[in-house]
Structures are given as C-alpha cells and as structure tokens.
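The residues making up each chain are set out below.
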Amino acid sequence: MILGLVAGICTTAAVIPQLWKAWKTKKVTDVSPGMFFVLITGLALWTVYGLLQSDWPIIITNGLALCLNSLMLYFLFKYD
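Thresholds, definitions, all that
- Residues numbered from 1 in each chain as written.
- Predicted model: local features only at pLDDT ≥ 70, side-chain atom pairs only at ≥ 80, totals over all residues.
- Heavy atoms only, no water.
- Helix = DSSP H or I, 4+ residues; strand = E, 2+ residues; numbered from the N terminus.
- Expected span 1.5 Å × (residues − 1).
- Buried < 20%, exposed > 50% of the residue type's maximum accessible area, 1.4 Å probe, protein only.
- Arc of directions from axis to C-beta.
- 1 Å grid on protein atoms, 1.4 Å probe; cavity = no way out; pocket = protein on both sides within 12 Å on 5 of 7 lines; lining within 4 Å.
- Points joined across faces, edges and corners; volume = space filled by probe spheres on them.
- Nonpolar A, V, L, I, M, F, W, Y, C, P; charged D, E, K, R; others polar.

Chemist: Explain helix α3 (residues 33-53) to me, please; I cannot follow it from the model alone.
Modeler: Since the α-helix packs 3.6 residues into each turn, any two residues three or four apart lie on the same face. Helix length check: α3, at 21 residues, gives a terminal C-alpha distance of 30 Å against a target of 30 Å (1.5 Å per residue), a fit within 8%. Within α3 the residues assigned to the buried category are Phe36, Ile40, Leu43, Thr47 and Gly50. Along the axis of α3, the buried residues cluster in a sector spanning 85°; they form a single face. Facing away from the buried side of α3, by more than 90 degrees, are the exposed residues Val38, Leu45 and Leu52.

Chemist: Help me out: how do you make sense of the layout of surface pockets in this one?
Modeler: Over the atoms, a rolling probe the size of a water molecule traces out where space has been left empty. Size it by volume and the largest pocket reaches roughly 260 Å³. The wall of the largest pocket is formed by 16 residues, among which Gly8, Thr11, Trp46, Thr61 and Asn62 lie closest to the centre. Top contributing element to the lining of the largest pocket by residue count: helix α4 (residues 56-79), with six residues. Counted by class, the lining of the largest pocket contains eight nonpolar, seven polar and one charged residues.

Given below as structure tokens:
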C-alpha cells in the first residue's frame, strides 16, 4: 500500500511544475493537448478501476491527478 501511495504521489505531483508555469506565464504553445487527452482518459480509467477494487490509494492519487491534468487541459484552451 505504501509503495502504491508513493508511486501515486510522484505521478500526481509531476504535472504541478507545468501547471505553475502555464498559470504564471499564460503560455502553453509547447504543450500537446492530445497527450493530455490520452493522459486524462487513462487517469479516469484508473480511477474507475480503483473504485471497482475499493483501492483507496489508486482512487485518491489518480482522482487528484485527473483533476490536476484536467486543469492543465483547461489552461491549454484558455491560454492558446
């Protein structure tokens, strides 16, 4: 369980620097929206899988990552 939490925290936190940069600079020209669509789809599926398995580390970390990456996708359309 601890290994899953650490892995989830790392993958969730990975988008934070990109979000911060996009928010501060209002520039997203080098970021691929297609990649974020694929990533968000995968995170949504992992969250559903976690719900089906009642696996809280998977639910929490992927649910949070889903929210953060959705925010980044929002920035892509807002600032582009």
